[in-house]
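# Observations on the model geometry
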Amino acid sequence: MKATWEKIEKNTGVLEVEVDAEQVNAALDRAFRKVVRRVNVPGFRKGKVPRPIFEARFGVESLYQDAINDLLPDAYEQAVKETGIEPVDQPDIDIERFAKNEPFVFKAKVTVKPEVTLGEYKGLEVTEKSTEVTEEELGQELRRLQERHAELVVLEEGTAEKGDIVVIDYEGTIDGEPFEGGKAEKQSLELGSGTFIPGFEDQLVGMAKGEEKDIHVTFPEDYHAEHLRGKPAVFKVTVRDIKRKNLPELDDEFAKDVSEFETLEEFKEDLKKRLKEQKERERDLKLEADVIEKAAANAEVDIPPVMIETEIDRMVRDFENRLRMSGMNLELYYRFSGQDEAALREQMREEAAKRVKSSLVLEAIAKAENVQVDEEDVNRELERMTETYRQSVEELRAIIERNGNMDDFKADLRIKKTVKWLVENSKRTPEVA
């Protein structure tokens, strides 16, 4: 087989392939064995028609399409490997010549992965977030733990304050008319949580049990229900109950209740350590995101539209999976949000383009810096994965290899090593408090 590649535009070219006559004849033989099983010819049992009689009656050309379908996929795949191109879309195939005892010639117009012109990527200046845990941060975390373990006490007297949980009935109207989703009974709401429309919760502060009040608000311009965006509304609200959190004391007993430690001081030390580890993870993620963003901004690449569309497809699938995990689906989301598929895809377009460019730039940097992945890297990553998937290194490796994903696994690992290299070779400036 012969294959040649000629670039005709920035990201497209023509792959010309010639498959030798011997392979063509072998494909015709296979096509005949497939087709003859379905042919009825008087005087012969089904599937037993001799090849010469078949060709005399139907013509050898009747086998061409099946033979082409047999040869083309493997020939195209082999030609891609021989020429070293990286297609990013299905090819546009043009059959130039196909006949018995002759070479099979076809051309494929192919969109390929674009070339990247790298800019500055070594020594990128990034800000490094502090990982020190302040007493204020420790106190805030302890307060959150107190609230999580707080006892709710129903107030018989007094008025609602921020942090209280109120149980309310409400009915909303716009221009005096009720609207869908604007009515509820026995709705629990924590004041200050930001769960309801801006301004709603603030107007409940100071209300007493049994009190009624008209609350005036305006729906945000970006509200999920399109027909309510920017509309002024009035909610008639009745407070059924007010519940206040009775926080437990911060003492040794509290530490025993929420942890395995015997004293509050031991628990605080462990909590501070965990908060520091969390801040270190956040610092590392921020550094990685910053170096990727800066390296991509400094590079130039003309991205084929199909690559962006493919990334949007992936993002939509991921979004749909997240919706399903929360008991929804895309159809319900479109109904509640007032969007359609086209609007959702357009909303994702900018982020998709950013992701594609970042990926292309990282691949180019990996190539420029000769970043390689060896067996030690693979084993280290598999070892790390055992903590998440609760399977051994051998089991994880077997699954990846069985699914034919080892090359993709190594490619992802190569990108991770490249990001790590960028961070290690960056100029980090401590964050100013």
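The following refers to the structure shown. Quick caveat: nothing in here was measured; it's all calculated off a predicted structure. (Residues numbered from 1 in each chain as written. Predicted model: local features only at pLDDT ≥ 70, side-chain atom pairs only at ≥ 80, totals over all residues. Heavy atoms only, no water.)

## Considering the pattern of salt bridges
If you walk through the whole model with that rule in mind, you get 47 salt bridges. Asp164 serves as the salt-bridge partner of Arg244, at 2.8 Å between the closest nitrogen and oxygen. A residue pair is termed long-range when its members are at least 10 positions apart, and Arg244 in strand 11 (residues 232–246) and Asp164 in the loop between strand 7 (151–154) and strand 8 (165–174) qualify at 80 residues. A residue is classified by how much of its surface remains accessible, and Asp164, at 3% relative accessible area, is buried. (Salt bridge = Lys/Arg side-chain N within 4 Å of Asp/Glu carboxyl O. Helix = DSSP H or I, 4+ residues; strand = E, 2+ residues; numbered from the N terminus. Buried < 20%, exposed > 50% of the residue type's maximum accessible area, 1.4 Å probe, protein only.)

## A short note on helix 8 (residues 330–337)
An α-helix turns once per 3.6 residues; consequently, residues spaced three or four apart project the same way. Of all the positions in helix 8, only Leu330, Tyr333, Tyr334 and Ser337 are classed as buried. Viewed end-on, helix 8 has its buried residues packed into an arc of 100 degrees, placing them on one side of the element. Facing away from the buried side of helix 8 by more than 90 degrees, the exposed set consists of Glu331 and Arg335. The inward-facing, buried residues of helix 8 contact helix 7 (305–325) and helix 9 (341–368). Where helix 8 starts, the residue carrying a side-chain oxygen 3.1 Å from the main-chain nitrogen of Glu331 turns out to be Asn329. (Arc of directions from axis to C-beta. Contact = heavy atoms within 4.5 Å. Polar contact = N/O pair within 3.5 Å; in protein donor to acceptor, adjacent residues only side chain to side chain.)

## Considering helix 9
Look at helix 9: 39 Å from first C-alpha to last across 28 residues, which is about the 40 Å you get at 1.5 Å a residue. Its axis deflected by about 45 degrees at Arg349, helix 9 carries its strongest bend there. Every buried residue of helix 9 is accounted for by Leu344, Arg345, Met348, Ala352, Val356, Ser358, Leu360, Val361, Leu362, Ala364, Ile365 and Ala366. The inward-facing, buried residues of helix 9 contact strand 5 (116–117), helix 6 (264–297), strand 12 (300–301), helix 7, helix 8 and helix 12 (406–424). Backbone geometry just downstream of helix 9 places Asn370 in the positive-phi region, at approximately 55 degrees. (Expected span 1.5 Å × (residues − 1). Bend = angle between axes of the 7 residues up to and from the residue.)

## A closer look at the pairing of strand 2 (residues 12–19)
Across six bridges, strand 1 (residues 2–7) lies against strand 2 in antiparallel orientation. Opposite Thr4, over in strand 2, you have Glu16 as the bridge partner. The hairpin turn running from strand 1 into strand 2, its antiparallel successor, is four residues long. Where strand 2 and strand 4 (residues 104–111) come together, eight bridges link them in antiparallel fashion. The partner of Val17 across the bridge, within strand 4, is Phe106. (Pairing = 2+ DSSP bridges.)

## Describing the side chain of Arg345
Here Arg345 shows up in helix 9. For Arg345, a relative accessible area of 15% gives the class buried.

## As for the sheet that holds strand 2
One open sheet holds the four strands; their spatial order is 1-2-4-3, and the pairing between them is antiparallel. The open sheet is flanked by strand 1 and strand 3 (92–97), the only strands paired with a single partner. Each strand of the sheet is rotated relative to its neighbour by a mean of 20 degrees, with strand direction disregarded. (Axes fitted to C-alpha atoms, helices over the stretch in contact; angles between N-to-C directions.)

## Some remarks on the environment of Pro91
Inspection of the secondary structure puts Pro91 in the loop between helix 3 (64–83) and strand 3. C-alpha of Pro91 to C-alpha of Pro232: the two residues are 141 residues apart in sequence and 54 Å apart in space.

## A few points about the packing of aromatic side chains
When we look at a pair of aromatic rings, we describe it by the centre distance and by the angle of the planes. All told, the structure shown has 16 aromatic pairs when counted by the stated rule. Considering the side-chain rings of Tyr170 and Phe196, the 5.8 Å spacing of their centres and the 80 degrees angle between planes classify their relative orientation as edge-to-face. With a gap of 26 residues between them, Tyr170 in strand 8 and Phe196 in the loop between strand 9 (177–190) and strand 10 (212–218) connect regions that are remote in the sequence. Note on Tyr170: relative accessible area 11%, which makes it buried. In textbook terms, an aromatic cluster arises when at least three aromatic residues are bridged by ring pairs, as seen for Tyr170, Phe179, Phe196, Phe200, Phe219, Tyr223 and Phe235. (Phe/Tyr/Trp six-rings, centres within 6.5 Å; stacked < 30°, edge-to-face > 60°.)

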